[in-house]
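Residue-level structural notes
As a plain string of letters, each chain reads:
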Amino acid sequence: MENTNEILNGIVNQSIKNVICVDDDFLEPYEDVMETNKEKCIFSRQMYSAISSSCECAVTIIPYKQETDVKIINDKMRQKDLLILDWELTEVADIKKAIEIMCNIFVYTLIHII
């Protein structure tokens with residue numbers, strides 16, 4: 001007989017099929033890897049691999065940049081089950097964009113947040 005943790009893990013894994021991750025340290029999927037962004041490339045690959053294999057789900061990675069329109073992020077969040085959001089989307093400790101993204105979640109989608 002399964003214990004409670006195994007049952008709960010099964011429920012979570014079965015309910016999360018589409019994940020979206022937003023972080024300023026992600027690279028675009030086909031961005032050239034150079035010496036200056038090698039760490040970001042490794043980070044992006046590790047995050048994608050860890051999430052997709054542990055949840056057995058589709059993962060959308062969005063590299064956040066200052067010019068990134070929050071509307072684009074909101075549009076991509078539709079039909080997602082989970083948002084993984086870097087709280088500090090810029091090098092300066094400014095959380096306004098993260099809060100704006102989170103506020104829109106409550107208006108436009110039903111999504112879990114980490």
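Conventions and cut-offs
Residues numbered from 1 in each chain as written. Predicted model: local features only at pLDDT ≥ 70, side-chain atom pairs only at ≥ 80, totals over all residues. Heavy atoms only, no water. Buried < 20%, exposed > 50% of the residue type's maximum accessible area, 1.4 Å probe, protein only. Helix = DSSP H or I, 4+ residues; strand = E, 2+ residues; numbered from the N terminus. Pairing = 2+ DSSP bridges. Expected span 1.5 Å × (residues − 1). Polar contact = N/O pair within 3.5 Å; in protein donor to acceptor, adjacent residues only side chain to side chain. Contact = heavy atoms within 4.5 Å. pLDDT = per-residue confidence, 0-100. Core = buried A, V, L, I, M, F, W, Y, C linked by side-chain atoms within 4.5 Å.

1. Some thoughts on the pairing of strand β1 (residues 18–23)
Burial analysis of β1 places 5 of its 6 residues in the buried class, which makes it a mostly covered element. Taken together, the 6 bridges between β1 and strand β2 (residues 58–63) define a ladder with parallel strand orientation. Bridged to Asn 18 within β2 is Ala 58.

2. Focus on helix α1 (residues 4–15)
An ideal rise of 1.5 Å per residue puts 16 Å on 12 residues; α1 measures up with 17 Å between its terminal C-alpha atoms. For α1, the capping residue at the N-terminal end is Asn 3, with a side-chain oxygen 3.1 Å from the backbone nitrogen of Asn 5.

3. Quick word on the side chain of Ser 44
Mapped onto the fold, Ser 44 is located in helix α2 (residues 38–55). A distance of 2.8 Å separates the side chain of Ser 44 from the backbone oxygen of Lys 40, its partner in a polar contact. Dropping the residues within four chain positions of it, Ser 44 is found in contact with Asp 25, Phe 26 and Leu 27.

4. Topic: the confidence of the model for the protein
Any region with low pLDDT has predicted coordinates that should not be read closely. Chain-level statistics for the protein give a pLDDT mean of 80 and a share of 89% at 70 or above. Taking the mean pLDDT of every element in the protein, the minimum, 65, falls on strand β4 (residues 112–113) and the maximum, 88, on β1.

5. What to know about the nonpolar core
Within the largest apolar cluster, 15 residues are counted, with the highest numbers of intra-cluster contacts made by Val 22, Leu 83, Leu 85 and Ile 101. Secondary-structure elements contributing two or more residues to this core are β1, α3 (70–77), β3 (82–85) and α4 (96–108). At 4 residues, the largest contribution of residues to this core is made by α4. Not counting chain neighbours up to four residues away, the residues in contact with Val 22 comprise Ile 62, Tyr 64, Ile 73, Leu 83, Ile 84, Leu 85, Asp 86 and Leu 89.

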